[in-house]
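Close look at the chain arrangement
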Amino acid sequence: MFENYLSLMMLAYFIFCLLYFGVIVKFESFSISIIKFIIVLLLPVIGFILIIVFAVSGRVTVKSDKEIKEFVSFTHKRNFIYHEEAVDFEKEINTIPLQDSLKFNDSKAKRSYLIYVLKKNFSGHIYGLKKALQSSDSETAHYAAAALMEIKNQFENKIAFEKENYERDSDNIESANKYAATLKEYLNSGIADSTDYYDFLNVYSMLLDKLISGDIKNEQYFEDKISAAIIFGEYESALDICRKFLTAFPESEKPYICYLKYFYAVKNYKAFNNAMKKIKEKSFSSTEKLEGIISFWEGGRVCF
């Protein structure tokens, strides 16, 4: 008799826990709801007490933030103090890679997380957005497509703005630098399709011609110009820029690295080996990139 009564009590408690789960899942995430369900199920009565204690302590913590907010408000009034805007730490800590969210979450969670990410930073999630285009949920794919289009429009508007400023005064170094930086940001973003990529790379390459022929001594401009020339198969131009690069920066290891890239592209393996020897003979302040290049080629040397 007692065993039957106990079984009925356990069944009733299990049903009660299920009802509790059905209520909280409407207000909290599915994973949190599952955790709370397991707690109350495995710890009868005590589980509910623990959840209540946690909820109360959470409210106390939130209230204690009042002093911090007042301090932040005070520092905002002082121009000599650098400050960062408030961050939602709970959301930031719980943020996961967009592609993981799209892979594991249900459709509602995908859309919610996608909207949250888009409000924060468009361009930082292009890869994830491209993955979202393949989602089986049509609404998620629609959000991703709209976001990618918005990113592309923003980039094109920014490029057009910087181009107009540059063409208005093409001798203005600052305008040229901003135009070049915007073009490079677009090329590195991954948003451009193959046709747009090569079109804008050509524009960037021509702009670099002008920049490196002036008084500007920017190593990155030389590196980017050589890479673009190699991509377009303009090997004579690439070699000419390599020479100019070495002349402008004789004590830097970067011109030698560009020579390696050029010699490898044209399959001049003898010259490649000679450049490697010069790099090892030079007393560069060895960088991680340079060490990696040397160890790579010494570890898997091509047969010449």
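A brief report on the enclosed structure follows.

Digging into the pattern of salt bridges
Throughout the structure, instances matching the rule amount to nine salt bridges. A salt bridge links Glu156 to Lys152, with the nearest nitrogen and oxygen atoms 2.7 Å apart. Pair noted here: Glu156 and Lys152 are both in helix α9 (residues 138–168), with a separation of four residues, about one helical turn. The class for Lys152 is buried, based on a relative accessible area of 16%. One network of salt bridges, with partners in common, ties together Lys152, Glu156 and Asp196.

Brief notes about the packing of aromatic side chains
Taken as a whole and assessed by the stated rule, the structure comprises eleven aromatic pairs. Relative to Phe249, the ring of Phe245 has its centre 5.7 Å away and its plane inclined at 85°; by these criteria the two rings are edge-to-face. Of the two residues, Phe245 and Phe249, both sit in the buried class. Cluster of aromatic residues (ring-pair linked, three or more members): Phe155, Tyr186 and Phe200.

Let's talk about a nonpolar patch on the surface
Where nonpolar side chains cluster on the molecular surface, the patch consists of Ile38, Leu42, Leu43, Val45, Ile46, Ile49, Leu50, Val53 and Phe54 and spans about 840 Å² of accessible area. Within the residue set of the nonpolar patch, elements represented by two or more residues are α2 (30–42) and α3 (46–64). Among the elements that line the nonpolar patch, the one with the most residues is α3, at five residues. For Val45, the location among the structural elements is in the loop between α2 and α3.

The rules behind the values
Residues numbered from 1 in each chain as written. Predicted model: local features only at pLDDT ≥ 70, side-chain atom pairs only at ≥ 80, totals over all residues. Heavy atoms only, no water. Salt bridge = Lys/Arg side-chain N within 4 Å of Asp/Glu carboxyl O. Helix = DSSP H or I, 4+ residues; strand = E, 2+ residues; numbered from the N terminus. Buried < 20%, exposed > 50% of the residue type's maximum accessible area, 1.4 Å probe, protein only. Phe/Tyr/Trp six-rings, centres within 6.5 Å; stacked < 30°, edge-to-face > 60°. Patch = residues over 30% accessible without salt bridge, like charges linked within 9 Å, V, L, I, M, F, W, Y side chains within 5 Å. Areas by Shrake-Rupley, 256 points an atom, 1.4 Å probe, with all protein chains shown as cover.

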